[in-house]
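Below, each chain spelled out in residue letters.
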Amino acid sequence: MTPPTRARTILRIHFHPAQPSQELYDQLLTILDGITPRVEAHPADWSADADLTGALRYWQQTPAGLVGITRLRTLALTGVQSSAGAGPNRMIAAMAAALTPPGAATIISTSPYDIAAFLGPQQAAMLPGIGPATAKTLARYGIRTVRDIADTPLATLQRILGTTTGRQTHDRANGHDDRPVVPTATPKSISASHPFDRDELDTDQHQRTALALAEHLGARLRDQNDIAQALTLTLTYADRTTTTKTRTLTEPTAHTPALASTTRDLLTRLGLQRARVRAISLRAERLLPASQAAHQLTLDARDNKARDLETALDRARARYGAGIAGAASAYRRVT
């Protein structure tokens, strides 16, 4: 493997809160911003990238030392446990973090030998950009690990995968990733999460839980006079891996049936079959003031009845408190 160019120190940190909330995530990002101003948020999976390159001199720390300070601060100030990976670029940091359990950190140095030792033994499918189909294609040629990819001539990879994909795969297998950490403000969003008491295998329970989260978010959006432009569904499995899918809504809304319909579709597209689900989270993203809503009128009486029902439920909640009433399957059948 050839050494990556422009070695930096990039941190990928995953947070593992017991009770996720937008306010808590914002607080965690503020703590990171106190370490380095170059922080890129990834709210969908409660993670963030941070470029520590310039901060190392300021803090007079090694990469391992500064990662430790960061994790200690988040734990001390919020009580949130974290896992982290750090390396000379975003790809290596993300791969290291993905292999690290909560409460630990994996640091990959800028040494070409350490980078090769970390990347080489991993399965080809662990490399970003290589999905199951591409991994199968490579396996037919006896290319099964990242080291196999790195040792394969570029021209051969390009014949197998195509010019662009072959080049990108070859670069990544050799530890190259020039993508910068781009500081971004976290878009306004709200989220709700449900951790199961045990690994849940029942797909009907997955759906009931996801729809309950959609109903909860819809009520919160209407309470604060906001509408959502997109929904992100995240499932956490028994082995701590996650699957995340995001969908832009047809129109920005806080209408529970519209949110539930999108949530149901996201869950269906995951194609879960006896998956051991540990938790389900739903995030309403890119919020706007409700005054900017532009509901498209229809002649569907069921939609009007659903909105009337929604208004009645909101009034009941306001008068008697949350949990006093709820819609079956998030108003799935309104006639």
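Above this text is the structure in question.
Our subject in this report is the structure included herewith. (Residues numbered from 1 in each chain as written. Predicted model: local features only at pLDDT ≥ 70, side-chain atom pairs only at ≥ 80, totals over all residues. Heavy atoms only, no water.)

## Quick notes on the overall build of the protein
Helix and strand counts for the protein come out as 12 helices and 10 strands. For the protein, buried positions account for 46% of its 335 residues. In the protein, of all internal contacts separated by at least 6 residues, the share reaching a separation of at least 24 is 68%. (Helix = DSSP H or I, 4+ residues; strand = E, 2+ residues; numbered from the N terminus. Buried < 20%, exposed > 50% of the residue type's maximum accessible area, 1.4 Å probe, protein only. Contact = heavy atoms within 4.5 Å.)

## Quick look at the pattern of salt bridges
A pair can form between side chains of opposite charge whenever their charged atoms are brought close. Enumeration according to the criterion identifies nine salt bridges in this entry. The salt bridge partner of arginine 269 is aspartate 265, with a shortest N-O separation of 3.1 Å. Pair noted here: arginine 269 and aspartate 265 are both in helix H11 (residues 256–270), with a separation of four residues, about one helical turn. On the basis of relative accessible area, arginine 269 is assigned to the exposed category, the value being 55%. (Salt bridge = Lys/Arg side-chain N within 4 Å of Asp/Glu carboxyl O.)

## Some details on the environment of alanine 18
With respect to the helices and strands, alanine 18 occurs in the loop between strand S1 (10–16) and helix H1 (22–33). Put simply, alanine 18 and glutamine 81 are 63 residues apart on the chain and 9.0 Å apart in space, counted from C-alpha to C-alpha.

## Let's talk about the side chain of glutamate 40
In this structure, glutamate 40 sits in strand S2 (residues 39–42). At 3.2 Å, the side chain of glutamate 40 forms a polar contact with the side chain of arginine 90. Within the local environment of glutamate 40, its side chain forms a polar contact with the backbone nitrogen of valine 182, the two atoms lying 2.8 Å apart. Every residue in contact with glutamate 40, bar those within four places of it in the chain, is listed here: Ala48, Asp49, Arg90, Pro180, Val181, Val182 and Thr184. (Polar contact = N/O pair within 3.5 Å; in protein donor to acceptor, adjacent residues only side chain to side chain.)

## As for the pairing of strand S4 (residues 81–87)
By the criterion of burial, S4 is predominantly enclosed, with six of the seven residues buried. Summarising the sheet, S1 and S4 pair through seven bridges and their orientation is antiparallel. Directly across from leucine 11, in S4, lies its bridge partner alanine 86. In the sheet, S4 pairs with strand S5 (residues 105–107) via three bridges, with the strands oriented parallel. The residue of S5 that forms the bridge with alanine 84 is alanine 105. Once you follow S4 into helix H4 (residues 90–98) and on to S5, the crossover reads as left-handed. (Pairing = 2+ DSSP bridges. Right-handed = clockwise from strand over helix to strand, strands pointing away.)

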